[in-house]
Amino acid sequence: MTFKFIHCSDLHIDSPFKGFSSVENSLVEALRKSTYQAFQNIVELALKEKVEAVLIAGDIYDGTEKSLEAQLKFRHGLQKLSDKGIDTFIVHGNHDPLDGWSTSLEWPERVHIFSGTQMECLPVGKNRVVKAYVHGISYPKRDVTENLAQNFSRGNGEGFAIGLLHSNVGHQSGHDNYAPCSMDDLIAAKMDYWALGHIHRFRVLRESNPAVVYSGNSQARHMRESGEKGCCLVTLNKNTDPLIQFIPIDAVRYIQGEVDLSGTVTLEEVIHAVRSKCEDFAGQIKQRDLFIDLSLNGRTQVHSELQRGDALQGLQGEIRTYFQGRTPSIWLNLKLDTAGIYDVESLREGKDFIADLVNLFDVEGKRESFADLKEVLKPAFETWQGKKYLHDLSDEEMKDFLVQAKSLCLDKLLK
């Protein structure tokens, strides 16, 4: 016996996409539609693959005050699934808890929304044969800090057992610790598959007995969520490990990359290199609008030109204009991380302050540990407004900072 379904989460339909005022209108509109378009893509995938159920592990909407438009769009997709005999199982998470505002809409026949008062167990099957039981519980309010996983247990029913939960498993850093639980808690419930939400990255924490999976969010909403976003197409089989396929379904893709400008001697060469990099990304990722964040690196003769005034903004504007009107759209953001070209060996052999500085950087860069350097810098990190971004720096990050600091010092001293 097999059971085929889609596991998705963190749709964040109706996300406001703040901070994109400088983006051209066509791309702003694409962004606003992207979260719902991603859900539409999930629906189309479910119909194409003829799955038996779609499981949504929380945060369907972006906020507790779910707009009427968002709920109507969501219901439209659910209706298409229900009309084809596909059941949808939904739990609500911290972004869209049950105590938030909701319309009085009626949901399609095959839509099942789990309660926030207790764990429920709902059957799913075909031709009066139950193939699986989906266990789930919604967030009754935003701040759920108790361990909800401890409420789950398999029961005695035939068929597969699936847990549907919005949770932080193992206290993963960088994410609010909602409904925290451990891997041991999930194993103890004796499920075959855990369909999890809350972490915005596809991760298989455990492959079987039980499989424990985060599908990640279906559509990125900013550059920190770069890369593929999608859902999981899952097939449970009685005698083998689950088949878990990650399927990208995002409408807009965010990409981070680098352009090595080493050896370039003119701004025209820089423009050509950046355009080529954007074209390469567009060729790899077809039929999606792209937001590309590029870092310009390397030692180059045009470093001082790029540093001057609003040169970077002008360069960025020129390349944005080049791609304007293209379908799918390309939007570009540039960051400057280049350095000038210096004969460092000659500088190191000198008898002046610059030689002392180069040698000091060399000595510092060879350290195995930077504990004392971190201690010296600690007061600056504690008072600076950006200190939250410099918490618990690794030794590798410190080495990288030293390399950047060396280049910056030479740029200023030798200008």
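Residues numbered from 1 in each chain as written. Predicted model: local features only at pLDDT ≥ 70, side-chain atom pairs only at ≥ 80, totals over all residues. Heavy atoms only, no water.

Let us look at the overall build of the protein chain. Scanning the protein chain for helices and strands turns up 10 helices and 15 strands. Across the 415 residues that make up the protein chain, the buried fraction comes to 48%. For the protein chain, restricting intrachain contacts to residue pairs at least 6 apart in sequence, the fraction spanning at least 24 positions comes to 71%. Total accessible area on the protein chain is roughly 21200 Å²; 48% of this is exposed by carbon and sulfur atoms. Computed over 48 positive and 59 negative side-chain charges, the inter-centroid distance for the protein chain is 4 Å. (Helix = DSSP H or I, 4+ residues; strand = E, 2+ residues; numbered from the N terminus. Buried < 20%, exposed > 50% of the residue type's maximum accessible area, 1.4 Å probe, protein only. Contact = heavy atoms within 4.5 Å. Areas by Shrake-Rupley, 256 points an atom, 1.4 Å probe, with all protein chains shown as cover. Lys, Arg positive; Asp, Glu negative; His and termini not counted. Charge placed at Lys NZ, Arg CZ, Asp CG, Glu CD.)

Every second residue of strand S10 (residues 211–214) is oriented toward a common face, with Ala211 and Val213 on one face and Val212 and Tyr214 on the other, all of them buried. Where strand S8 (residues 193–197) lies against S10, 4 bridges are found, and the strand directions are parallel. Residue Tyr193 lies in a different strand from S10, and its bridge partner there is Ala211. When strand S9 (residues 203–207) meets S10, the two strands line up antiparallel, connected through 4 bridges. Its bridge partner lying in S10, Arg206 is registered against Val212. Hairpin remark: S9 followed by S10, antiparallel, with 3 residues in the connecting loop; positive phi at Asn209, about 50°. (Pairing = 2+ DSSP bridges.)

A volume near 700 Å³ is recorded for the largest pocket. Around the largest pocket sit 27 residues that line it, and Gly174, His175, His200, His222 and Glu225 are the ones nearest its centre. Considered class by class, the residues forming the lining of the largest pocket number 3 nonpolar, 15 polar and 9 charged. (1 Å grid on protein atoms, 1.4 Å probe; cavity = no way out; pocket = protein on both sides within 12 Å on 5 of 7 lines; lining within 4 Å. Points joined across faces, edges and corners; volume = space filled by probe spheres on them. Nonpolar A, V, L, I, M, F, W, Y, C, P; charged D, E, K, R; others polar.)

Attention now goes to the pattern of salt bridges. In this structure the tally under the stated criterion is 21 salt bridges. A salt bridge links Arg142 to Asp143, with the nearest nitrogen and oxygen atoms 4.0 Å apart. The exposure class of Arg142 is partly exposed, given its relative accessible area of 36%. Overall, Asp143 belongs to the partly exposed group, its relative accessible area being 44%. Salt-bridge contacts for Asp372 lead to Arg367; the nearest nitrogen and oxygen are separated by 2.3 Å. Residue Arg367 is classed as partly exposed on the basis of its relative accessible area, which comes to 24%. Overlapping salt bridges bring together Glu345, Arg348, Asp362 and Lys406 as one network. (Salt bridge = Lys/Arg side-chain N within 4 Å of Asp/Glu carboxyl O.)

Before going further, it helps to examine the side chain of Ser34. Looking at where Ser34 falls in the secondary structure, it is placed in helix H1 (residues 25–49). At a separation of 2.7 Å, a polar atom in the side chain of Ser34 contacts the main-chain carbonyl oxygen of Leu31. Setting aside its immediate chain neighbours within four residues, Ser34 contacts Phe17, Gln219, Ala251 and Val252. (Polar contact = N/O pair within 3.5 Å; in protein donor to acceptor, adjacent residues only side chain to side chain.)

Turning our attention to the packing of helix H9 (residues 371–383) against helix H10 (residues 395–413). The geometry of H9 relative to H10 is characterised by a closest axis approach of 11 Å and an angle of 70° between their N-to-C directions. The pairing of H9 with H10 is recorded here as roughly perpendicular in orientation. As H9 packs across H10, the resulting crossing turns out to be left-handed. Contacts from Leu373, Lys374 and Leu377 of H9 reach H10 at Asp395, Met398 and Leu402. Looking at the contact of H9 with H10 residue by residue, the classes come out as 4 nonpolar, no polar and 2 charged. (Axes fitted to C-alpha atoms, helices over the stretch in contact; angles between N-to-C directions. Parallel < 35°, antiparallel > 145°, perpendicular 65-115°, else oblique. Left-handed = near helix turned anticlockwise from the far one by under 90°.)

For the rest of this paragraph, the subject is the environment of Leu408. Within the secondary structure, Leu408 sits in helix H10. When its relative accessible area of 47% is taken as the criterion, Leu408 is described as partly exposed. Taking the C-alpha atoms as reference points, Leu408 and Phe17, 391 residues apart in sequence, are found 34 Å from one another.

Together, Glu258, Asp260, Asp337, Glu397 and Asp400 make up a region of like negative charge exposed at the surface. Elements with a contribution of two residues or more to the negative patch: strand S13 (252–260) and H10. With respect to the helices and strands, Glu258 occurs in strand S13. We classify Glu258 as exposed; its relative accessible area is 53%. (Patch = residues over 30% accessible without salt bridge, like charges linked within 9 Å, V, L, I, M, F, W, Y side chains within 5 Å.)

It is worth spelling out the nonpolar core at this point. Counting residues in each nonpolar core, the largest one holds 26 residues, and the members touching the most others are Ile6, Leu11, Phe39, Val54, Ile56, Ile60 and Phe74. Looking at this core, the elements that each hand over two or more residues are strand S1 (2–8), H1, strand S2 (53–57), helix H2 (68–83) and strand S11 (230–237). For this core, the element with the most residues is H1, which contributes 7 residues. What Phe39 contacts, discounting residues up to four positions off in sequence, is Leu11, Ile13, Ile56, Phe74, Gly77 and Leu78. Formed by 23 residues, the second largest nonpolar core is a distinct cluster that contains Val270, Leu296, Val302 and Leu334. (Core = buried A, V, L, I, M, F, W, Y, C linked by side-chain atoms within 4.5 Å.)

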